[in-house]
Protein chains: 4
Amino acid sequence: MTDQSQIQLPEDKPLEIAGRVYKSRLLVGTGKYRDMMETGHAIEASGAEIVTVAVRRTNLGQNPDEPNLLDVISPDSFTILPNTAGCYNARDAVRTCKLARELLNGHNLVKLEVLGEEKTLYPNMTETLVAAEELIRDGFQVMVYCSDDPLLCKRLEEMGCIAIMPLGAPIGSGLGIQNRYNIRLIVENASVPVLVDAGVGTASDATIAMELGCDGVLMNTAIAQAQDPIRMARAMKLAIESGREAYLSGRMPKKAYASASSPIDGIFF
Amino acid sequence: MTDQSQIQLPEDKPLEIAGRVYKSRLLVGTGKYRDMMETGHAIEASGAEIVTVAVRRTNLGQNPDEPNLLDVISPDSFTILPNTAGCYNARDAVRTCKLARELLNGHNLVKLEVLGEEKTLYPNMTETLVAAEELIRDGFQVMVYCSDDPLLCKRLEEMGCIAIMPLGAPIGSGLGIQNRYNIRLIVENASVPVLVDAGVGTASDATIAMELGCDGVLMNTAIAQAQDPIRMARAMKLAIESGREAYLSGRMPKKAYASASSPIDGIFF
Amino acid sequence: MTDQSQIQLPEDKPLEIAGRVYKSRLLVGTGKYRDMMETGHAIEASGAEIVTVAVRRTNLGQNPDEPNLLDVISPDSFTILPNTAGCYNARDAVRTCKLARELLNGHNLVKLEVLGEEKTLYPNMTETLVAAEELIRDGFQVMVYCSDDPLLCKRLEEMGCIAIMPLGAPIGSGLGIQNRYNIRLIVENASVPVLVDAGVGTASDATIAMELGCDGVLMNTAIAQAQDPIRMARAMKLAIESGREAYLSGRMPKKAYASASSPIDGIFF
Amino acid sequence: MTDQSQIQLPEDKPLEIAGRVYKSRLLVGTGKYRDMMETGHAIEASGAEIVTVAVRRTNLGQNPDEPNLLDVISPDSFTILPNTAGCYNARDAVRTCKLARELLNGHNLVKLEVLGEEKTLYPNMTETLVAAEELIRDGFQVMVYCSDDPLLCKRLEEMGCIAIMPLGAPIGSGLGIQNRYNIRLIVENASVPVLVDAGVGTASDATIAMELGCDGVLMNTAIAQAQDPIRMARAMKLAIESGREAYLSGRMPKKAYASASSPIDGIFF
């Protein structure tokens, strides 16, 4: 049982990634919008400072004749986080990171994702471990999309990944965090930032991630596929801030009855 | 099944109660704080414009020698919403409302709560119906704390109550909304504001209430009994705004798989 | 916190209704089957001893030229429980009970349901109270379909109802028990049998009702609308027995960790 | 959306493990009982035909002077499933399996568990993969305790494991299945039996596992640490049977309203 008065409030550390401090704890993607205009407005409304970009699907200068995303999302204003979406093995992922580094003038920060299959877009964890190791050896700063297995998350951290990004539910599903227990455990174990990546569908999902103690949340579909993406971007901004504040506040314990002096037990609920 | 493209976004009506429009959709109580100072600071941080006060437990001038809450929460800055907490029958509740009207110089707006028993502080719905009828006849503008029975909620509205305030969980329990289905149904049926009153424990609980389409949330313990009430008040302010924005945005539908084109069905989940 | 060693196991009382003891705690309806043959087989597989019949929709002899349900479900083998499905006010419900008494030769046991509206088939609780009072005065033994409001449930018991039958979710929805907290509270408060009536969709829903301490469950659609109703009837029989045994066994407390010695607290989960 | 009439009912395959067909789909452990007498009675009540034994903690003849579990749980009546509980790396696990084979006269069937850390007793998946490979090469028939990562589960199957045993929640926690989505996915993907191993706390948890389509459930603490273990063993036997029957019956779809003709959508619930 938890004696509420003895709980120490969590420390209010700023979010620091690769030596840079961020005010926003919301990271966003750029896919599934109607057009680049909408992408730009939604990202602005989200207040995000880190924007992830699928190198294999986005023109960052590979095709000089097509519109370049960096004209809308400028590296001067945002931290561009190239990701390896669409890669199904370590080799492709590593190669994609190297391409990104070239396109972005030596930028070392990447989000590694090595997918396992198309239905869920779940990560292939063994290939992820292989790719992470190689990228770290090659000087990359690796934020890593992974399953919510607390032990594999810890291993990725020990290997040198600078942020752990467990999934809450399948990419694009909007199902919300399926296993709060594991996310909480990953947070308790970690000394690097933990960011929920994938699965958020609406604002409360993001708030819950933050209340569990996560350092941030990355999302794309929940904003891009809302009927009003700009407004949902704003909702998500507030949701992340709200969840962070609630986490730092030390919530009241749940009680079985209005008048109960002790928290709810584990028998009936 | 819902064809997402045909869903009409909800109308963004401002919160109007008793002819006055409010920007904040968070209503707060004044109980369980360490002292009046903390009460004042928390309420300020919450951004609330409506503050509910238990007439039977609070000095609004009944005891001229003791500190008067209205000195901290001034009727010039806030809408004071006297409530009948502690009343267990219609007669006591009506008498308490009349006392409040006197103390507040003819102020007609009240929150009616007729409690059923001490363990849960659930409302006694039959006495609530009796009291509501009498108060309305007597010229009061009645916001009413009630169970989450959609039919009784509709009846209170038809009787003339100006806001319906179903409980999410027992007062002071912090358990969060127990029956989202009913809250959603009450919202669908109502033409007056619906505010969840009681049961919220942390920010995401408030966000969920708003995502279900509620017009606002009233809370007290979740803020007052957090370890850092001022910070939690801020979290709640953001949570309410976030949930409202998410509701108005039209969330993406939940999908069974990353690649699914149709929403999740009701067989397994 | 619950000290597991001090919890007293619940008493294993048999289910007694109107002076008769039943071995089965599963009560079933007769609607929505393909034909009377299937109805009969499913009921047999369910092991139910009490079968509820909608007097307004079923031929119990009113129409001498049509097939009579009592030829399939014989009052010699089953307790026939006439119900007032389709009644939307107290008067109709009382009249229907009287008709049932005539058709069933003075049989006094009825299931009262006074519906509020068609969308949810939720009960109209004020009309239910009126009808219950009149029926009890007239010598009926009233089992009563009601909302999950613990106070109204208690009032129906005090009025003389011999069994309280709160809904778990809308009739025919298959959503499972929406508010476990209230069902548990109703059970804790009651001295007459509490049976969940409506909302069960699959076996685990029924098991959960029994684990909360209910004395039984009444269902219809979950069996009749399964793809294989006979098999689902068998599943439900086992589910009810399983949940009852689990309730009587005193389950292990939930623990936050594999090695935890104290139950899970109310902070994160 | 699922057109209920077109859903094909799942095939009713018997549970076959290592060439032997079992009637019971409940597998049980032998730890945490008061004494061997209680162990024996609980196992009998559970109807289990497969009993798992922690080789490192149980005397199967290693200590000739102490009571031998095989005298209570005879290999003539039960399939003894030696497990590697307490092993934290592949080497220890392999060695333990070899010891078991000796003690059990060449018996090749084992349950592999390689733990990652003591707090959760979660599996170390990379060591599990190494151990599984070596054991299979050495002629063992490997049932494998694993995380609920659908891709790693598939890989263990492709490697030759004869049963996949994902965890529902930490061993001994009684929290119930935390991620139904993943368990369902593992079942959909698998061609060998899938058995939930760990996390079940009460009967409905086991029923839910079976309703998701699992082929069986292994449990220990939920029975041994119930207040009345014999009765809980009976409850679990019924729960497993009930869940299996419900799964095979094809449950009704969940509906948003009593009168709805289409399943519930993914917007609000």
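Just above, that's the structure.
Residues numbered from 1 in each chain as written. Chains lettered and ligands numbered in written order. Predicted model: local features only at pLDDT ≥ 70, side-chain atom pairs only at ≥ 80, totals over all residues. Heavy atoms only, no water.

## Remarks on the side chain of Asn83 of chain B
Residues and elements named next belong to chain B. Within the secondary structure, Asn83 sits in strand β5 (residues 79-83). Judged by its relative accessible area of 5%, Asn83 falls in the buried class. Those residues within four positions of Asn83 in sequence are excluded, and the remaining contacts are Thr52, Val53, Ala54, Val55, Thr96, Lys111 and Glu113. (Helix = DSSP H or I, 4+ residues; strand = E, 2+ residues; numbered from the N terminus. Buried < 20%, exposed > 50% of the residue type's maximum accessible area, 1.4 Å probe, protein only. Contact = heavy atoms within 4.5 Å.)

## So, the layout of surface pockets
Residues and elements named next belong to chain A. Empty space within the second largest pocket amounts to approximately 860 Å³. As for the second largest pocket, its lining consists of 43 residues, of which Gly31, Lys32, Ala54, Arg57 and Asn220 are closest to the centre. Elements supplying a minimum of two residues to the lining of the second largest pocket: α1 (36-46), β4 (50-54), β10 (216-219) and α8 (221-224). Among the elements that take part in the lining of the second largest pocket, β4 stands out by supplying three residues, more than any other. (1 Å grid on protein atoms, 1.4 Å probe; cavity = no way out; pocket = protein on both sides within 12 Å on 5 of 7 lines; lining within 4 Å. Points joined across faces, edges and corners; volume = space filled by probe spheres on them.)

## Concerning the interface of chain A and chain B
Contacts between the two partners involve 50 residues from chain A and, on the opposite side, 50 residues from chain B. Across the interface of chain A and chain B, roughly 4100 Å² is buried in total on both sides, 56% from carbon and sulfur atoms. There are six salt bridges connecting chain A and chain B. For Asp12 of chain A, the salt bridge identified is with Arg231 of chain B, shortest N-O distance 2.9 Å. Linking chain A with chain B are 28 residue pairs in polar contact (both at pLDDT 80 or more). Among the secondary structure elements, those contributing two or more residues to the side of chain A that touches chain B are α7 (203-211), α8 and α9 (229-249) of chain A. At 12 residues, α9 of chain A tops the list of elements feeding residues into the side of chain A that touches chain B. For the side of chain A that touches chain B, the residue count by class is 22 nonpolar, 16 polar and 12 charged. (Buried area = accessible area lost by both parts, 1.4 Å probe. Salt bridge = Lys/Arg side-chain N within 4 Å of Asp/Glu carboxyl O. Polar contact = N/O pair within 3.5 Å; in protein donor to acceptor, adjacent residues only side chain to side chain. Nonpolar A, V, L, I, M, F, W, Y, C, P; charged D, E, K, R; others polar.)

## Remarks on the pairing of strand β5 (residues 79-83) of chain C
Residues and elements named next belong to chain C. Within β5, five of the five residues are buried, which leaves the element mostly enclosed by the surrounding structure. Here β5 shows two buried faces, one formed by Thr79, Leu81 and Asn83 and the other by Ile80 and Pro82. Sheet topology note: the strand β4 (residues 50-54)/β5 ladder contains five bridges and is parallel. Note that in β5 the partner of Ile50 across the bridge is Thr79. (Pairing = 2+ DSSP bridges.)

## A few points about the pattern of salt bridges
Applying the stated rule across the entire model yields 60 salt bridges over all chains. In this structure, the salt-bridge partner of Lys154 of chain B is Glu157 of chain B, at a minimum N-O distance of 3.3 Å. Of this pair, Lys154 of chain B and Glu157 of chain B are both found in helix α5 (residues 150-159), three residues apart, which corresponds to roughly one turn of the helix. Judged by its relative accessible area of 24%, Lys154 of chain B is partly exposed. The salt bridge partner of Arg234 of chain D is Glu245 of chain C, with a shortest N-O separation of 2.8 Å. One end of the pair, Arg234 of chain D, is in helix α9 (residues 229-249); the other, Glu245 of chain C, is in helix α9 (residues 229-249), on a second chain. A relative accessible area of 37% places Arg234 of chain D in the partly exposed class.

## Remarks on the relation of the copies chain A and chain B
When chain A is fitted onto chain B, the two copies agree to an RMSD of 0.0 Å after a turn of 180° and an axial shift of 0.0 Å. Classification of the inter-copy transformation places it as that of a two-fold axis. (Least-squares fit on C-alpha atoms with pLDDT ≥ 70 in both.)

## Points about the relation of the copies chain C and chain D
Superposition of the two copies of the chain requires a rotation about an axis and a shift along the axis. Mapping chain C onto chain D leaves a residual RMSD of 0.0 Å; the transformation is a rotation of 180° accompanied by 0.0 Å of translation along its axis. With an isologous cut-off of 70% or more, the 100% of interface residues of chain C that recur at the interface of chain D puts this contact in the isologous class.

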